Amino acid sequence: MPVAYDPANFWAVLFDTQESAVCRTWPRALIMLALPVLAEVLSELDMWWDTDINVVLLPFSVLSGLMLSFRINDAYGKWNQASGIILQTHRNTRDTMSLVLAYASQLKPGAPVKEIEARLERMRRLMVLFSLFLFRHVRGDFKKPLKAELEQGLLTEAEYKVLTTTATISIVDQKKDKYPPRNRVAFVIDELHREVAELVAWGALPAPCIPPITASIQRLSACFEDCEHIGFTLVPLPYAQLGRAVMFVYLLLVPLAVVHRLPRGATVALSLVANVIYFSLDAVSSDMETPFGTSDNDVAVEKIVRRIDKHTASQLSTFYGRVVPNYDLFPDTRTTTVDGSHCATAKAHSIYDKVEFRARGLESRISKQQEKRAQRQEKRDQAHAQAAA
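All figures in this text were calculated on a predicted structure; none of them were measured in a lab.

Reading the values: rules and limits
- Think of each chain on its own: its residues are numbered from 1, step by step along the sequence as written.
- A pLDDT threshold of at least 70 governs which residues receive local features in this predicted model, and a stricter bar of 80 or more applies before side-chain atom pairs are shown or counted, although totals over entire chains, interfaces and linings include all residues.
- Note that water and hydrogens are dropped before the side-chain values are worked out from all heavy atoms of the structure.
- By definition, any uninterrupted DSSP run of H or I lasting at least four residues is a helix, any uninterrupted run of E lasting at least two residues is a strand, and each is numbered from the N terminus.
- Residues qualify for a patch when their relative accessible area is over 30% and they have no salt bridge, like charges being joined within 9 Å and the nonpolar side chains of Val, Leu, Ile, Met, Phe, Trp and Tyr within 5 Å.
- Each accessible area is a Shrake-Rupley result for a 1.4 Å probe, and residues are judged covered by the shown protein chains and nothing else.
- Whenever Lys or Arg places a side-chain nitrogen within 4 Å of a carboxyl oxygen from Asp or Glu, that contact is recorded as a salt bridge.
- In this tally, Asp and Glu contribute negative charge and Lys and Arg positive charge; neither His nor the terminal groups of the chain are included.
- A single reference atom marks each charge: NZ on Lys, CZ on Arg, CG on Asp, CD on Glu.
- Burial classes follow relative accessibility: with a 1.4 Å probe on protein chains only, a residue under 20% of its type's maximum area counts as buried, one over 50% as exposed, and anything between as partly exposed.
- Grid points spaced at 1 Å over the protein atoms alone were grouped into cavities, where a 1.4 Å probe fits but cannot get out, and pockets, open sets with protein on both sides within 12 Å along at least five of seven lines, with lining residues defined by an atom within 4 Å of a point.
- Grid points are joined across faces, edges and corners, and a volume is the space filled by probe spheres set on the points.
- Each residue is assigned to one of three groups, with Ala, Val, Leu, Ile, Met, Phe, Trp, Tyr, Cys and Pro labelled nonpolar, Asp, Glu, Lys and Arg labelled charged, and all others, Gly among them, labelled polar.
- Two residues form a contact once any of their heavy atoms are found within 4.5 Å.
- Pairing between two strands is assigned when DSSP locates at least 2 bridges connecting them.
- Regarding the arc, it is the one traced by the directions from the helix axis to the C-beta atoms.

Visitor: Lay out unusual backbone geometry with the relevant residues and their values.
Guide: Phi at Q174 takes a positive value of approximately 60 degrees, unusual for a residue other than glycine. Within the secondary structure, Q174 is located in the loop between strand 1 (166-169) and strand 2 (176-178). If you check the backbone angles, D328 has positive phi at about 50 degrees while not being a glycine. Within the secondary structure, D328 is located in the loop between helix 12 (301-320) and helix 13 (351-388).

Right, dumping it as structure tokens:
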């Protein structure tokens, strides 16, 4: 994981343009310059009134600052909470698998080993399926067809039939509905609880181990509800509208308050800086209020889903003492190739990943240059040796 505030990466982070809020807000900032330019022209023509409007500007500046700071703090809290939920999902899948394997390692003589191993692999598959359904849910793709999951082996034919056939019917107008797509994650939780009960019935898990495993699965379910909470908790429209209105009036008043005090052109420059700062802060707040998006600044859910898949497979591998295949979910997020070298097509999930990738590319080029120099020097040394002979 790259260090976010490594001094060596200071300028790369400062001047990054791909996900910069400043680059996205230039059009709005330039449109707002119409009034400062007009004020400058009228001031040059001595057609500007000599009235101090700082008395009007001061309350708007204080109010806009307070409202914007509250919004940024609330938005970052939501983004931070979303990141924590995804990491908790990883932790809970890991803990659930660890508990199950720890208790299953104490098998009694005569226990059906093959059947129990099949149940353990099914539990791992369900936890990977949970993380994938959670990803689809937070991205708004919960209604996506399940053919891909069925072909990949993440869903069985029986599970696919349950999720795609009529599950309930209205007693009023006889409207038929399938299993709710928004609750596919809950379906996986139900199946996990059934698998624990089956493992107990097979003798793989003693009865006293049920409470901690069940609690771990319930924590997984809580992660889903927490994601729902973030999705449903939006800044109320009246507050967002009022905040933008106050900001808009403030940005209009700034050039009117300073045009007769600053030299020529300074009013336009000051207004441009104020516009860019305020619009960028608004854009940053909007990004953090939707932390499960697809931009580089959003929470890297795909990477965590892939990590859950590979880590639970590794846990089973340690338990079995043999290689366990994984589902290779989201291969575009991999950072290494089959031979262990850095993957040139790896997807960056944040500006810090991009900085790291660029640094790796630079190191690779430097290494190749040094290798070429060494080869040229070796050839020169051989030529000198032959000439001396």
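Read on, since the account is not over.
Visitor: Report on a positive patch on the surface, specifying residues and quantitative values.
Guide: Positive charge collects at one region of the surface, where K372, R373, R376 and R380 lie side by side. The residue R373 is located in helix 13 in this model. You can call R373 partly exposed: its relative accessible area is 46%.

Visitor: I'd like a rundown of the pattern of salt bridges, residues and numbers included.
Guide: A side chain of one charge can pair with a side chain of the opposite charge when the charged atoms of the two come close. Using the criterion set out here, one finds 21 salt bridges in the structure. Note that R119 is salt-bridged to E198, the shortest N-O span being 3.8 Å. Taken as a pair, R119 in helix 5 (residues 113-138) and E198 in helix 8 (residues 184-202) lie far apart in primary sequence, 79 residues in all. Look at R119 and you get partly exposed, because its relative accessible area is 22%. Classification of E198 by relative accessible area gives partly exposed; the value is 33%. Across the pair R122 and E159 runs a salt bridge, and its minimum N-O distance is 3.0 Å. Pair noted here: R122 is in helix 5 and E159 is in helix 7 (residues 157-164), with a separation of 37 residues, a long-range link. When sorted by exposure, R122 lands in the same class as E159, which is buried. Linked by salt bridges that have partners in common, R119, R122, R125, E159, E191, R194, E195 and E198 make up one network.

Visitor: Kindly report on empty space enclosed by the protein, identifying the contributing residues and their values.
Guide: If you walk through the whole model with that rule in mind, you get four cavities of 30 Å³ or more. Each pocket or cavity is described by its volume, and for the largest cavity that value is around 110 Å³. Per-element tally for the lining of the largest cavity: the top contributor is helix 10 (residues 237-258), with five residues. Of the residues that constitute the lining of the largest cavity, the class distribution is five nonpolar, two polar and three charged. Estimated volume of the second largest cavity: approximately 70 Å³. In terms of lining, the second largest cavity is formed by F133, R136, H137, D141, F142, K144, P145, L146, E149, P181, R184 and V185. Of all the secondary-structure elements, those providing two or more residues to the lining of the second largest cavity are helix 5 and helix 8. Examining the composition of the lining of the second largest cavity, we find that three residues originate from one element, helix 5, more than from any other.

Visitor: Lay out the side chain of R136 in plain terms, naming residues and giving numbers.
Guide: Summarising the element assignment, R136 is placed in helix 5. The exposure class of R136 is buried, given its relative accessible area of 14%. Other than its neighbours up to four places away in sequence, R136 contacts D141, F142, K144 and E149.

Visitor: An account of the pairing of strand 1 is requested, with residue identities and associated values reported.
Guide: Here three bridges tie strand 1 to strand 2, and the two strands are oriented antiparallel to one another. Looking at strand 2, one finds that T166 is bridged to K178. Here strand 1 hands over to strand 2 after six residues, with Q174 in that stretch at a positive phi of 60 degrees.

Visitor: Quick rundown of helix 3 (residues 34-44)? Include the residues and the values.
Guide: Among all positions of helix 3, only P36, A39 and E40 are buried. Projected onto a plane normal to the axis of helix 3, the buried residues spread over an arc of 100 degrees and lie on a single side. In this structure, the buried side of helix 3 is in contact with helix 10 and helix 11 (266-289). Just beyond helix 3, the residue with positive phi is D46, at close to 55 degrees.

Visitor: Tell me about a nonpolar patch on the surface, residues and numbers included.
Guide: Taken together, the side chains of F10, W11, L14 and F15 define a hydrophobic patch exposed on the protein surface, amounting to about 500 Å² of accessible area. Summarising the element assignment, F10 is placed in helix 1 (residues 10-14). Residue classification places F10 among the partly exposed residues on the basis of a relative accessible area of 46%.

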